[in-house]
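Secondary and tertiary structure notes
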Amino acid sequence: MFTDIKSRVTEPEVGVIISYAALDGSPEGIAREAEKYLSSDELYFYGWVESGRVTGICGFEVHSDKVEIHLISVAEDKQKQGIGGAMVTALQKMYGLPLEAETVEEAVGFYRKRGFITTAFHHPEWGEKFTCVL
């Protein structure tokens, strides 16, 4: 089930899943990412929860014209089982708005597989990145 898990963002197991998607997956980077969601009413932090276990996470922001995905990741033992795609579908159903994400080359395939249109650009700090729109 896709549900609000902002209150669980600092749990160690959730931090591990965050580390797969965060540009800085260090303990300090994960803590900064968690604090960003905890301190903002504009940022949402949802998860795919199975039998009480968080198996996927999705951090996003809702604008008037789109939903901007900031983080999306799945627990290592649950990858390639459709959870990431289910979270994308859930966001589409919840808001009925276009989805947009910015990602790195290692993750752009996930978005392409789900029908996102991707455009490459150069980020001054992170190198080649992609804007993904569905």
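See the structure shown above.
Residues numbered from 1 in each chain as written. Predicted model: local features only at pLDDT ≥ 70, side-chain atom pairs only at ≥ 80, totals over all residues. Heavy atoms only, no water.

Looking at the side chain of T55
Threshold: Secondary structure elements are defined from DSSP: runs of H or I of at least 4 residues count as helices, runs of E of at least 2 residues count as strands, and each element is numbered from the N terminus. Each residue is assigned to one of three classes by its accessible area relative to the maximum for its type, calculated with a 1.4 Å probe on protein chains only: buried under 20%, partly exposed between the two thresholds, exposed over 50%. We call two residues contacting when some pair of their heavy atoms lies within 4.5 Å.
Among the secondary structure elements, T55 is positioned in strand 3 (residues 53–62). For T55, a relative accessible area of 0% corresponds to the buried category. Beyond its immediate stretch of four places on either side in the chain, T55 contacts I17, W48, E50, V74, A75, K78 and I83.

Regarding the pairing of strand 5 (residues 99–104)
Spelled out, the test is: Whether two strands pair comes down to DSSP finding at least two bridges between them. Handedness of a crossover: with both strands directed away from the viewer, a clockwise path from the first strand across the helix to the second marks it as right-handed.
On strand 5, burial follows the alternation: L99, A101 and T103 on one face are buried, whereas E100, E102 and V104 on the facing-out side are not. Here strand 4 (residues 67–74) pairs with strand 5 via three bridges, running parallel. Of the residues in strand 5, the one forming a bridge with E68 is E100. Handedness of the crossover joining strand 4 and strand 5 through helix 3 (residues 83–95) is recorded here as right-handed. Pairing of strand 5 with strand 7 (residues 127–133) involves five bridges; the strand directions are antiparallel. What sits directly across from E102, in strand 7, is T131.

Considering unusual backbone geometry
The phi angle at S51 is positive, at roughly 50°, despite the residue not being glycine. Mapped onto the elements, S51 comes out in the loop between strand 2 (43–50) and strand 3. For S51, a relative accessible area of 86% translates into the label exposed. Positive phi, normally seen in glycine, also occurs at K80, with a value near 65°. Following the sequence through the fold, K80 ends up in the loop between strand 4 and helix 3. Overall, the relative accessible area of 85% leaves K80 in the exposed class.

Structural notes on the sheet that holds strand 7
Just so we agree on the cut-off: Lines fitted to the C-alpha atoms define the axes, with helices restricted to the stretch that makes contact. Angles between their N-to-C directions range from 0 to 180 degrees.
Ordered in space as 1-2-3-4-5-7-6, the seven strands form an open sheet in which the pairing is mixed. A single partner strand is all that each edge strand has here, and the edge strands are strand 1 (2–4) and strand 6 (117–123). Across the sheet, the axes of successive neighbouring strands diverge by a mean angle of 30°, strand direction being ignored. Here strand 6 runs beside strand 7; their pairing, made up of seven bridges, is antiparallel.

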